Amino acid sequence: MRRTLYEADHDAFRETVRRFVAKEIAPRHVEWEAAGIVPRELYTAAGAQGLLGWAVPEEFGGGGQPDFRFNAVLGEEVVAAGVAGSGNGLCLQNDVCLPYFLDLATPEQKARWLPGIASGELITAIAMTEPGVGSDLASMTTTARREGNVYVVNGAKTFITSGINADLVITAVKTDPTQRHKGMSLLVIERGMPGFERGRNLDKLGQHAQDTAELSFTDVRVPVENLLGAEGRAFAHLVDRLPQERLGIAVAGVAGAAAALAMTLEHVTSRTAFGQPIGAFQNSRFTLATLATEVDIAQHYVDDCIRALNAGDLTAVDAAKAKWWCTELQGRAVDAGLQLHGGYGYMTEYPIARAYADARVTRIYGGTTEIMKEVIGRDLGL
Ligand SMILES: Cc1cc2nc3c(=O)[nH]c(=O)nc-3n(C[C@H](O)[C@H](O)[C@H](O)COP(=O)(O)OP(=O)(O)OC[C@H]3O[C@@H](n4cnc5c(N)ncnc54)[C@H](O)[C@@H]3O)c2cc1C
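Here we summarise the structure given alongside this text.

Scoring rules and cut-offs
- Residues numbered from 1 in each chain as written.
- Predicted model: local features only at pLDDT ≥ 70, side-chain atom pairs only at ≥ 80, totals over all residues.
- Heavy atoms only, no water.
- Helix = DSSP H or I, 4+ residues; strand = E, 2+ residues; numbered from the N terminus.
- Rg over C-alpha atoms; globule rule 2.2 N^0.38 Å.
- Buried < 20%, exposed > 50% of the residue type's maximum accessible area, 1.4 Å probe, protein only.
- Contact = heavy atoms within 4.5 Å.
- Areas by Shrake-Rupley, 256 points an atom, 1.4 Å probe, with all protein chains shown as cover.
- Lys, Arg positive; Asp, Glu negative; His and termini not counted.
- Charge placed at Lys NZ, Arg CZ, Asp CG, Glu CD.
- Pairing = 2+ DSSP bridges.
- Axes fitted to C-alpha atoms, helices over the stretch in contact; angles between N-to-C directions.
- Parallel < 35°, antiparallel > 145°, perpendicular 65-115°, else oblique.
- Left-handed = near helix turned anticlockwise from the far one by under 90°.
- Nonpolar A, V, L, I, M, F, W, Y, C, P; charged D, E, K, R; others polar.
- Near = heavy atom within 4 Å.
- Polar contact = N/O pair within 3.5 Å; in protein donor to acceptor, adjacent residues only side chain to side chain.
- Phe/Tyr/Trp six-rings, centres within 6.5 Å; stacked < 30°, edge-to-face > 60°.
- Lys NZ or Arg CZ within 6 Å of the ring centre and 35° of its normal.
- Core = buried A, V, L, I, M, F, W, Y, C linked by side-chain atoms within 4.5 Å.
- Salt bridge = Lys/Arg side-chain N within 4 Å of Asp/Glu carboxyl O.
- Expected span 1.5 Å × (residues − 1).
- Disulfide = S-S within 2.5 Å.

1. Some points on the overall build of the protein chain
Stage number 1. Regarding its fold elements, the protein chain presents 11 helices and 10 strands.
Stage number 2. For 382 residues, the compact-globule formula gives about 21 Å, and the C-alpha radius of gyration of the protein chain, at 21 Å, lands near that figure.
Stage number 3. Looking at the protein chain as a whole, 53% of its 382 residues qualify as buried.
Stage number 4. Restricting the contact set of the protein chain to residue pairs at least 6 apart, pairs at least 24 apart contribute 75%.
Stage number 5. A total accessible area of about 16,900 Å² is found for the protein chain, and carbon and sulfur atoms account for 55% of it.
Stage number 6. Seen as two clouds, the 36 positive and the 46 negative side-chain charges of the protein chain have centres 3 Å apart.

2. Some remarks on unusual backbone geometry
Stage number 1. With a phi angle near 60°, F159 is a residue other than glycine that sits in the positive phi range.
Stage number 2. Using a relative accessible area of 56% as the deciding quantity, one classes F159 as exposed.

3. Description of the pairing of strand β1 (residues 124-127)
Stage number 1. Burial of β1 is two-sided: the residues T124 and I126 facing one way and the residues A125 and A127 facing the other way are all buried.
Stage number 2. Pairing analysis gives 4 bridges linking β1 to strand β4 (residues 168-174), with the strands arranged parallel. What sits directly across from A125, in β4, is V169.

4. Some thoughts on the packing of helix α5 (residues 84-104) against helix α6 (residues 107-119)
Stage number 1. Contact geometry for α5 and α6: axes closest at 10 Å, N-to-C directions at 160°. It follows from the interaxial angle that α5 and α6 lie roughly antiparallel. Handedness of the crossing formed by α5 with α6: left-handed. Of the residues in α6, those touching α5 at Q93, L98, F101, L102 and L104 are Q109, K110, W113, L114 and I117.
Stage number 2. Tallied by class, the residues present in the contact of α5 with α6 amount to 7 nonpolar, 2 polar and 1 charged.

5. Things to note about the site of the ligand
Stage number 1. Neighbouring the ligand are 17 residues, the closest being T129, S135, T161, T368 and E370.
Stage number 2. Residue M128 places a main-chain N or O atom 2.8 Å away from an oxygen atom belonging to the ligand.
Stage number 3. Separating an oxygen atom of the ligand from a side-chain N or O atom of E370 is a distance of 2.6 Å.
Stage number 4. Coverage of the ligand by the protein chains reaches 64% of its 970 Å² of free accessible surface.
Stage number 5. Broken down by secondary-structure element, the contributors of at least two residues to the shell around the ligand are β1, β3 (150-161) and α11 (369-379).
Stage number 6. When residues of the shell around the ligand are assigned to their parent elements, the largest contribution, 3 residues, is made by β3.
Stage number 7. Across the shell around the ligand, the residue classes tally to 9 nonpolar, 6 polar and 2 charged.

6. A short note on the packing of aromatic side chains
Stage number 1. On inspection of all chains with the given rule, the structure shows 7 aromatic pairs.
Stage number 2. Aromatic pair W324 and W325: ring centres 5.8 Å apart, planes at 80°, arrangement edge-to-face.
Stage number 3. We classify W325 as partly exposed; its relative accessible area is 34%.
Stage number 4. These aromatic residues form a ring-pair network of at least three members: F13, W54 and F70.
Stage number 5. The lysine or arginine in question, R14, covers the ring of Y6, its NZ or CZ lying 5.0 Å from the ring centre.
Stage number 6. In this structure, R332 is placed above the aromatic ring of W325, and the distance from its NZ or CZ to the ring centre is 5.0 Å.

7. With respect to the nonpolar core
Stage number 1. Ranked by size, the top nonpolar core spans 85 residues in total, and within it F101, L186, L228 and L247 carry the most contacts.
Stage number 2. Here this core takes 10 residues from helix α7 (residues 234-270), the largest share from any one element.
Stage number 3. Those residues within four positions of L186 in sequence are excluded, and the remaining contacts are Y100, L104, I170, T171, A172, N226, L227, L228, A234, H237 and L238.

8. Some details on the pattern of salt bridges
Stage number 1. Tallied over the entire structure, the rule returns 23 salt bridges.
Stage number 2. With its nearest N and O atoms 3.1 Å apart, the salt bridge here joins E7 to R69. Of this pair, E7 sits in the segment before α1 (8-25) while R69 sits in helix α4 (residues 68-80), and the two are 62 residues apart along the sequence.
Stage number 3. R40 is the salt-bridge partner of D167, the closest N and O atoms lying 2.9 Å from each other. Of this pair, D167 sits in the loop between β3 and β4 while R40 sits in the loop between α2 (29-35) and α3 (41-48), and the two are 127 residues apart along the sequence.
Stage number 4. Relative accessible area serves as the criterion here: at 29%, R40 is assigned to the partly exposed category.
Stage number 5. Through salt bridges with shared partners, a single ionic network connects R3, R14, E15, R18, E76, E77 and D303.

9. Let's talk about the pairing of strand β2 (residues 143-147)
Stage number 1. For β2 and β3, the ladder comprises 5 bridges, and the chain directions are antiparallel. Counterpart to R146 in the pairing with β3 is Y151.
Stage number 2. Counted along the chain from β2 to the antiparallel partner β3, the turn is 2 residues long, and its residue G148 has a positive phi close to 60°.

10. Notes on helix α8 (residues 282-311)
Stage number 1. Over its 30 residues, α8 extends 44 Å from the first C-alpha to the last, a length consistent with the 44 Å expected when each residue adds 1.5 Å.
Stage number 2. Where α8 ends, the next residue or the one after it, G312, has phi of about 85°, a positive value.

11. Observations concerning the state of the cysteines
Stage number 1. Applying the stated rule across the entire model yields 0 disulfides.
Stage number 2. Sulfur of C97: no disulfide; nearest cysteine sulfur belongs to C91 and is 12 Å away.
Stage number 3. Of all cysteine sulfurs, the one in C326 lies closest to C305, which takes part in no disulfide; the gap is 7.8 Å.
Stage number 4. Here C305 falls in the buried class, since its relative accessible area comes to 4%.

Right under this line is the structure:
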């Protein structure tokens with residue numbers, strides 16, 4: 001079914017993204033996957049092409065265009081090109097981190113940080129998860145004790161996307177450890193602050209080029225000027241912005257499912273067995289027909305979520321539905337696609353094998369499928 005979400009400006013932007021991915025990412029993706037990280041220059045190159053911070057007001061060096069359809073185009077193209085590991089950090093900067101700075105930063109903080117975020121000179125990350133706490137965020141234990149004009153931060157975070165490359169880490173801390181949700185605040189912890197150390201760049205199943213790191217904080221003295229939003233309000237700040245993060249993951253999920261379908265279609269029409277193309281077997285036809293149907297239907301739900309986000313009325317429940325459904329669909333698509341590739345599907349030189357590995361995490365990060373169903377279940381009064 002024809003999509004009606006995009007207009008001419010988005011189509012033009014898609015061409016820019018495609019050219020950028022083909023020229024700046026695809027030729028070096030394998031090298032970066034082996035290195036476990038992308039070079040910082042990828043961010044400044046993306047910034048120069050207008051692929052970062054289009055939502056940043058023009059006075060701070062951005063495009064002044066807070067239209068999530070541009071975010072969706074970038075997310076779709078990165079996944080369609082099979083370079084999720086190299087491109088995800090750019091999407092994280094636009095989809096997940098930037099809204100905190102746009103919505104919560106003071107004028108002084110905006111002037112300090114937004115120009116660098118838009119140009120790619122400042123790389124951002126968000127650190128909520130700790131070694132002992134993921135889904136149950138309010139149980140986090142990283143503390144920030146106020147001492148005059150600084151917060152003294154102690155604790156550790158893990159699984160932090162862009163954790164090695166990041167210059168600005170939006171860090172969830174407990175400013176009042178006696179409280180759960182109401183004791184949490186957000187501090188921007190900056191590269192080079194004494195006591196802020198990066199641990200391992202974690203070795204993952206997929207998305208190898210995306211650095212995912214452990215971070216530790218030992219008596220880090222963070223100026224009160226780096227408090228983002230209101231003290232004690234971090235949980236609400238996070239909850240308000242999670243729908244956009246989850247929608248971004250859903251967008252990539254549908255794009256990943258569509259890409260798996262396309263590469264599998266190509267394989268089953270060229271490979272033969274028992275004197276006929278693999279695709280001619282009823283099992284192959286039914287499998288791919290099912291996926292084609294699900295991708296189409298999921299796409300239209302996600303497109304409506306994007307419209308709702310732009311209109312300011314995407315609910316947490318609708319975003320949770322999009323996130324779990326689309327990422328589970330992506331999981332089914334890469335699994336079925338790999339199966340139809342036979343032994344070739346297990347070889348990492350085949351895109352379907354890499355897509356399979358890259359996709360597994362989408363059902364986990366940004367809130368697991370189970371947590372999404374909890375959000376939806378609570379809305380049903382259960
Ligand atoms: C590659 C990668 C990148 C990531 N990037 C970031 C990042 O940038 N910043 C960040 O802060 N975090 C990040 N994360 C962390 C991610 O958000 C968490 O891993 C995720 O929220 C799950 O938390 P957990 O790993 O502690 O699992 P747990 O919370 O321990 O959950 C384990 C299992 O128990 C289930 N479970 C937990 N609670 C319930 C419940 N109430 N009902 C039913 N089932 C439940 C979960 O669904 C899951 O299946 C990243 C993770 C990965 C793998």
